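# Secondary and tertiary structure notes
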Amino acid sequence: MRDLHKSSVLGSKHGSLMSWRPQYRSSKFRNVYGKVASREHCFDGIPITKNVHDNHFCAVNARFLAIVTESAGGGSFLVIPLEQTGRIEPNYPKVCGHQGNVLDIKWNPFIENIIASCSEDTSVRIWEIPEGGLKRNMTEAVLELYGHSRRVGLVEWHPTTNNILFSAGYDYKVLIWNLDIGEPVKMIDCHTDVILCMSFNMDGSLLATSCKDKKLRVVEPRSGRVLQEASCKNHRVNRVVFLGSTKRLLTTGVSRWNTRQIALWDQEDLSMPLIEEEIDGLSGLLFPFYDADTHMLYLAGKGDGNIRYYEIGSEKPYLSYLMEFRSPAPQKGLGVMPKHGLDVSACEVFRFYKLVTLKGLIEPISMIVPRRSETYQEDIYPMTPGTEPALTPDEWLSGVNRDPILMSLKEGYKRTSKIVFKAPVREKRSVVVNGIDLLENVPPRTENEVGSAVLLAWPSGWSFGSFWGILGGKVCLQPSQLLRSGSPLPVPKQLCILCSLGHPALNLVGAPKRAVCCS
């Protein structure tokens, strides 16, 4: 038996039996493990939204944690200072200015108290959180941005330029907002269905998008020109992420056999993926997170509690599996702490904030590299993008590209940005981008966008029958009729219908703010 075993080992050296052996490789991150925060360092008692939209519903930076919450009317989200852990009171102040469900929130990477939100009410709003957090409900945004004619599902800040914001709506358009003037300055109009995901490369000169039309695109954002396009027949793309400065993309999606799958692409040639790898047979969406400093990729499944992590290499096989963090509690979404907010003394290289809807709990999960020394570990903390923008909006719009300004976590990771957001003063006017008035040229509504009408104000002495008769048997009116024909139907000014996907151009005199009639 000993001779037989010896011959097998010798044979394996020549490759005959090598295929079944695990591939071990030297890596400083192969022992990374996930550490869940103790209960007193979690955020408890939070009514996390039950919305089924495939977003994280959570955003975090070095000062605040923001979570989209369940609310009876309109949309709202909580903003909690990170040091305020433990149980959150039911009457804790909220940001509640939207008239529809909030679908996405993102912190400004350069100004830590500025957050952007988008909603089913077709608007994007910019909020300024006071020092120390909210003391009362906030209903007035510092900036309200109207340009989409459908609900807005995604917002993304430009990674190197201050005050440039991207928003993607269900009108299949991506608008680029210059917040210095509070107006959309560019429109990307190359998609034929709902945009599912947006991701920037390191300097923000390229934008990758995944779309419901089963296509993966790499777009030059200022011109809107599609540089590369892939029709994914065998790999239905859901999420896409740029892998730092490697000129590669990673997508998560579903294979033709309905198994969860990841694919690696060359950003300059999307004709065929470099590799495709099946993960498992579960049905939940896979969220990808990439850490350009450690070259680690994290895959978190929506609806399950596992987080797998890999190391990305420049040569084949490109993707090396490291380990898996397991938890019985399913996650609805995950917020990610920026690098300058990590605890470098504990060798923390990544931190998730996990939304556990069933428990109303936000659970921090730290990814830690085990080290015995307590000194600063320079090999796992290279220079990383900091809190200072590399460009102004005018510079970026004129065609300038610049890499992010780097900072060292050894000395500067607690440094706060001195940039202050100044909201522009604007007059009410039409929104014209690429020669098209976005508020006038509204595309026809799709089948799944039938808004439910809700009566906001009912005049005294009126019955539903008289109301129905005045409206001619229709609950909604054409905005063009009301605006241009002098309201041919004698609808009193205190009577108004709010549609969940209302027309942003219409505001009736004397009606509640943003209450609209639409067809």
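Look a little higher up for the structure.
Throughout, a residue's number is its position along its own chain's written sequence, starting from 1. Residue-level local features of this predicted model are given only where pLDDT is at least 70; pairs of side-chain atoms are given and counted only at 80 or more, and the full residue set underlies all totals for whole chains, interfaces and linings. The basis for every side-chain value is the complete set of non-hydrogen atoms in the structure, without hydrogens or water.

Moving on, we come to the environment of Ala72. Checked against the element boundaries, Ala72 lands in the loop between strand E4 (64-69) and strand E5 (75-81). Only protein chains enter the calculation, and the probe is 1.4 Å; a residue is then buried if its accessible area is under 20% of its type maximum, exposed if over 50%, and partly exposed in between. Ala72 sits in the exposed class, given a relative accessible area of 92%. Distance from Ala72 to Asn101, taken between C-alpha atoms, is 9.8 Å for residues 29 residues apart in sequence. Only runs of H or I of at least four residues qualify as helices and only runs of E of at least two qualify as strands under DSSP, and these elements are numbered from the N terminus.

Strands pair, by our definition, only if DSSP identifies at least two bridges between them. Spatially, E20-E21-E22-E23 is the arrangement adopted by the 4 strands of the open sheet, whose pairing is antiparallel. One side of each edge strand has no neighbouring strand; the edge strands of this open sheet are strand E20 (235-242) and strand E23 (275-280). This sheet shows a mean twist of 25 degrees between the axes of neighbouring strands, independent of strand direction. Judged from the 7 bridges that link them, strand E21 (residues 248-255) and strand E22 (residues 260-266) form a sheet pairing that is antiparallel. In the strand pairing of E22, Val254 is matched with Arg260. Helix axes are fitted to C-alpha atoms over the stretch in contact, other axes to C-alpha atoms as well, and angles between N-to-C directions run from 0 to 180 degrees.

Attention shifts here to the packing of aromatic side chains. Here a pair means two rings of Phe, Tyr or Trp (six-membered ring of Trp) with centres within 6.5 Å. Their orientation is stacked below 30 degrees between planes, edge-to-face above 60, and tilted elsewhere. Scanning all chains against the criterion turns up 11 aromatic pairs. Between Phe289 and Phe352, the ring centres sit 5.3 Å apart and the planes meet at 75 degrees, which makes this aromatic pair edge-to-face. Linking Phe289 in strand E24 (residues 286-291) with Phe352 in strand E29 (residues 348-356), this pair joins segments that are 63 residues apart in sequence. The same class applies to Phe289 and to Phe352, which are both buried. Their ring planes at 20 degrees and their centres at 5.7 Å tell us that Tyr376 and Tyr381 sit as a pair that is stacked. By relative accessible area, Tyr381 is classed as buried at 4%. Ring pairing ties together the aromatic residues Phe289, Tyr298, Tyr309, Phe350 and Phe352, which thus form one cluster. Here the basic side chain of Arg151 rests over the ring of Tyr170, its NZ or CZ set 5.0 Å away from the ring centre. Geometrically, a lysine NZ or arginine CZ counts as sitting over a ring once it is within 6 Å of the ring centre and also within 35 degrees of the ring normal.

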